[in-house]
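Understanding the architecture of this molecule
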Amino acid sequence: MTLKIAAKISSGLFVVDVHYEARPGITALFGPSGSGKSVSLAAVAGLLRPQSGTISFNELQFANAEKSLHVRTQDRKIGMVSQNAALLSHLSPLENVAIALLNSHDRAQRQERASHWLGRVQAEHLAKLPTASLSGGEQQRVALARALAGAPQLLLLDEPFSALDQTSRIAVRSLIIELVAELKLTAIIVTHDLIDVAALANQLVLFEPGRTVASHELIRGQTAELARLVGLTI
């Protein structure tokens, strides 16, 4: 279940040249703000089309600019969590998760599956609460349940911890590590936080403005080695 991307992607006037592979486990995209990390994730999700090059996952091409090939987002078997949980406030947490199942189950089955996934992210007690009343950490748990409910093979995480307090951040990190391993997912996370990378990632992709520059295998928790790879002193 390897993602391969070798493409030039534009967002407005900004163009990023992206080359990396992401294997099962968690790959972190790390670099300065505006370097193209989220742009590359949007292309993997199908929200942007590459100007040139290809994107493939598990040998299935998602995009091929030369052949004008573009697989729709809903056909890519991906789940996505952003820094804004993007929950619908007029729906309950349970109903927000059930949205991911609209095309595959009847209403009773959707409710049952949504309840199951809230349980998997330790948020079953939130099912019927007003969505607007949830804390940041609670909202991200619901967003993660929604992302996983559709049985994705690829999980995309775009700054998912940026609005969380430290306690919630640690808890949601641990939950993601557990679920990615249990479900045998390929996950890609965009983050500016080196501690997130050290805690989560098996692989690191470094960005400079407008391009990827290197990829490294990581061992979780080796913060000093990670800092050396990114050129920091700690």
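These lines cover the structure that appears in this document, whether it is placed above or below. Please read all numbers here as calculations on a predicted model, not as lab measurements.

1. A word on the packing of aromatic side chains
This model, assessed by the stated rule, comprises one aromatic pair. When the ring of phenylalanine 57 is compared with that of phenylalanine 62, the centres are 6.2 Å apart and the planes differ by 35°; the resulting orientation is tilted. Residues phenylalanine 57 and phenylalanine 62 agree in their burial class; the two are buried.

2. As for the nonpolar core
The biggest cluster of nonpolar side chains holds 47 residues, and the ones touching the most others in it are Val97, Leu118, Leu144, Leu155, Ile176, Val197 and Leu204. No other element matches helix H4 (residues 136–149), which puts seven residues into this core. Residue contacts for isoleucine 176: discarding those within four places in its chain leaves Ile26, Leu144, Leu157, Phe161 and Leu200. Counting residues in each nonpolar core, the second largest holds 25 residues, with Ala7, Ile78, Val190 and Val205 among its members.

3. What about helix H3 (residues 107–120)?
Structurally, the α-helix is built with 3.6 residues per turn, so residues lying three or four positions apart point the same way. Between the first and last C-alpha of H3 there are 20 Å, a value that for 14 residues agrees with the 20 Å anticipated at 1.5 Å per step. Listed as buried for H3 are Arg110, Ala114, Trp117 and Leu118. Axial view of H3: buried residues confined to an arc of 105°, hence all on one face. The exposed set on the far side of H3, more than 90 degrees from its buried face, consists of Ala108 and Glu112. As for H3, its buried residues are in contact with helix H2 (93–98), H4 and helix H5 (166–183). Following H3 by one or two positions, glutamine 122 adopts a phi angle in the positive range, close to 60°.

4. As for the side chain of threonine 191
You can see threonine 191 is positioned in strand E9 (residues 186–191). Beyond its immediate stretch of four places on either side in the chain, threonine 191 contacts Leu29, Phe30, Gly31, Lys37, Glu159, Asp196 and Val197.

5. What to know about H4
Taking 1.5 Å of rise per residue, the 14 residues of H4 would be expected to cover 20 Å, and the 20 Å separating its terminal C-alpha atoms lies within 8% of that figure. Of all 14 residues that make up H4, eleven are buried, and the element is covered over most of its length. Taken together, the buried positions of H4 are Gly137, Gln140, Arg141, Val142, Ala143, Leu144, Ala145, Arg146, Ala147, Leu148 and Ala149. Next to the buried residues of H4 lie strand E7 (78–82), H2, H3, strand E8 (154–158) and H5. Looking one or two residues beyond H4, the residue adopting positive phi is alanine 151, at roughly 55°.

6. Observations concerning the environment of glutamate 178
Position of glutamate 178 among the secondary structure elements: in helix H5. Distance in space between the C-alpha atoms of glutamate 178 and aspartate 196 is 15 Å, their sequence separation being 18 residues.

7. Notes on the pairing of strand E10 (residues 203–208)
For a regular strand, side-chain orientation follows a simple rule: the groups alternate between the two sheet faces. Across the six residues that make up E10, a large majority, five, are buried. By the bridge criterion, four bridges tie strand E3 (residues 25–30) to E10 in an arrangement that is parallel. Of the residues in E10, the one forming a bridge with alanine 28 is leucine 204. In terms of strand pairing, E10 meets strand E11 (residues 211–217) through six bridges, oriented antiparallel.

Conventions and cut-offs
- Residues numbered from 1 in each chain as written.
- Predicted model: local features only at pLDDT ≥ 70, side-chain atom pairs only at ≥ 80, totals over all residues.
- Heavy atoms only, no water.
- Phe/Tyr/Trp six-rings, centres within 6.5 Å; stacked < 30°, edge-to-face > 60°.
- Buried < 20%, exposed > 50% of the residue type's maximum accessible area, 1.4 Å probe, protein only.
- Core = buried A, V, L, I, M, F, W, Y, C linked by side-chain atoms within 4.5 Å.
- Helix = DSSP H or I, 4+ residues; strand = E, 2+ residues; numbered from the N terminus.
- Contact = heavy atoms within 4.5 Å.
- Expected span 1.5 Å × (residues − 1).
- Arc of directions from axis to C-beta.
- Pairing = 2+ DSSP bridges.

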